[in-house]
Amino acid sequence: MSLGYAQKLSYKEDVGDVGMSEFFDTQHLLQLKIKQLAKMIKESKHLVAFTGAGISTSCGIPDFRGPKGVWTLQREGKGVPEASLPFHRAAPSATHMALVELERAGILKFVISQNVDSLHLRSGIPRDKLSELHGNSFREVCPTCRTEYLRDFEVETIGLKETSRRCCDPKCGAKLKDSVLDWDDELPPKEMKAAENHCRNADLVLCLGTSLQITPACNLPLRSIRNGGKMVIVNLQKTPKDKKASLVIHGLVDKVMVEVLQLLKMPIAPYVRVDLFQLILNQTGCVSESKYIKWSLKVISVHGEKAPLPFIESVEVTFPERPELKTAVLNQQPFLLKRETLKSRPIHMVLWVNFSEGCGCRFISIDCPIDFLLSPDDISEDKNTVIQRLRDMANEDQYCGQSSIIDRKHVQDSGKTVSTYAVATNIVHYNGLSNNVNGGRDKVNVDDGIDTSTNSVPSKAVQSELTNKVKGNREKVNLDDGIDLFTNCAPSKKVRSVLTTRVNGGWGKVNLDGIDMSSNSTPSKKARVH
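Conventions we followed
Residues numbered from 1 in each chain as written. Predicted model: local features only at pLDDT ≥ 70, side-chain atom pairs only at ≥ 80, totals over all residues. Heavy atoms only, no water. Pairing = 2+ DSSP bridges. Helix = DSSP H or I, 4+ residues; strand = E, 2+ residues; numbered from the N terminus. Axes fitted to C-alpha atoms, helices over the stretch in contact; angles between N-to-C directions. Buried < 20%, exposed > 50% of the residue type's maximum accessible area, 1.4 Å probe, protein only. Contact = heavy atoms within 4.5 Å. 1 Å grid on protein atoms, 1.4 Å probe; cavity = no way out; pocket = protein on both sides within 12 Å on 5 of 7 lines; lining within 4 Å. Points joined across faces, edges and corners; volume = space filled by probe spheres on them. Phe/Tyr/Trp six-rings, centres within 6.5 Å; stacked < 30°, edge-to-face > 60°. Lys NZ or Arg CZ within 6 Å of the ring centre and 35° of its normal.

A. Fine view of the sheet that holds strand S17 (residues 363-370). The antiparallel open sheet is built from four strands, whose spatial order is S14-S13-S16-S17. Each end of this open sheet is capped by a strand with a single partner; those strands are strand S14 (328-330) and S17. Within this sheet the neighbouring strands show an average axis-to-axis angle of 20 degrees, counted without direction. Looking at chain direction, strand S13 (residues 312-318) and strand S16 (residues 347-355) are connected through six bridges and run antiparallel. The residue bridging glutamate 316 from the neighbouring strand is tryptophan 352, located in S16.

Here it is in structure tokens:
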């Protein structure tokens, strides 16, 4: 549940029971119930999951009705609770990923969710096996051709209102609408029909982290019971449907699902998040002096130049072989650099893309050579193949920060080159409940050097002085004032002199004798360099 979503909802006096007490089964009883649930799932022929806000609380997203829920605190006059991380950076919980494993094994046939946090889609549940009854804060829909657009930023409106973007289909071009319901909006017929059909055919409906109070959604699991199926409820609060359930488990939903999958001998794979962005290089000739060329470099969202890019904090552009060009620091969107240089002299740039709060890696570097007299070669790889390769690499390495180019297209007669990059920005492991789930630290010792953390953001107060060497340039970087300088994962108290990092998908050595991040000056837009 998004806090922004809660604040955007229309006012409603009666939101049902809030501040509900939590109940916990004894350890012995809990283990018996977990074994019973594992047996029921194993024997199921048509399993359907019905999920609520309770499966996302371990992701740092508050629920509605719990002791610290959104509506509970609002009724007490305390306002909206604080989230532990930006909403757009929330990673799936162990429960989300357990459902993915059940779906991939062919056991789970369908997921019905009341959540708008998009975590089922991020976790890997296929869209055609998911009904999001209340919408998705990250999805826009074209009302004309019904094309869906899944974003990496939270859409600014709710209530099925028009947004600021249009359909990308040149034959359509209609204004897009958000997909999140307000109180008075009817449930989407397509989502509701699929949910009803699967509940009707289900021999087992597993209700996870929901108080089963919001109608008509809460009545969907009962359709299974009417046709001879069973309902299981895993929730810390009591629900109005408890008496109709074959099994009620009062326990932490993550703990229950992790142990169920352990009994089924189904390990939960790590979650690796891969984000995309684009680089646009635009070259234009200079009328007054033809030996010079004006060019610009822009870092933008893959969703369009005007779309927000929430996971990038800043971009530093360095020129290792041309110290006179100076480093440019781009601190706000749009991340745009403009220069004018000699057309006949190639330039080698290194971009340091610094990521925002909630990302498990703090930066990546991208080599960007430019020859103004030659057109760059086009590159075209399958996006899904590249993303899967990055996920495999992150799983193998046990940390994130791997990056790769997906495609590069030169627009003929325009001087514009558009490159799309993918980067693994988070990895979360689910090895029981002692794992790193959204913000916890899971230490990995690399040759007694780097104390990496899989999904945590390291402290900015790194006390040391490093030097950096990139393509022959050496400059000292003093970290005593709290300058962020991070590897693909977080350096801790001990930092090795040489780190190995992936640059554009390949292995390259980065010697911490010199990452050129010391310059805070931004050159004049009209500066000319011979």
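After that view, the rundown keeps rolling.
B. Examining helix H8 (residues 253-263) more closely. Among the eleven residues that make up H8, eight are buried, leaving the element largely enclosed by the rest of the structure. Along H8, the positions that sit buried rather than exposed are Val253, Asp254, Val256, Met257, Val258, Glu259, Val260 and Leu261. The inward-facing, buried residues of H8 contact helix H2 (27-43), helix H4 (94-104), strand S8 (204-208), strand S9 (230-234) and strand S10 (247-249).

C. Representation of the layout of surface pockets in the model. Estimates place the volume of the largest pocket at around 1,400 Å³. Along the wall of the largest pocket there are 39 residues; nearest its centre are Val274, Leu276, Lys383, Ile387 and Arg391. Counting only elements with at least two residues in the lining of the largest pocket, the list comes to H4, helix H5 (119-123), strand S5 (148-150), strand S11 (271-285), helix H9 (383-397), strand S19 (403-411) and strand S20 (416-428).

D. Quick look at the packing of aromatic side chains. The tally for this structure, following the rule as stated, stands at five aromatic pairs. Look at phenylalanine 277 and tyrosine 421: their rings are 5.8 Å apart centre to centre, the planes differ by 15 degrees, and that puts the pair in the stacked class. Of this pair, phenylalanine 277 sits in strand S11 while tyrosine 421 sits in strand S20, and the two are 144 residues apart along the sequence. This pair shows no difference in class: phenylalanine 277 is buried, exactly as tyrosine 421 is. The ring of phenylalanine 138 has arginine 122 sitting right over it, with the charged end atom 4.5 Å from the ring centre. Directly above the ring of phenylalanine 23 sits lysine 238, whose terminal nitrogen or CZ lies 4.5 Å from the centroid.

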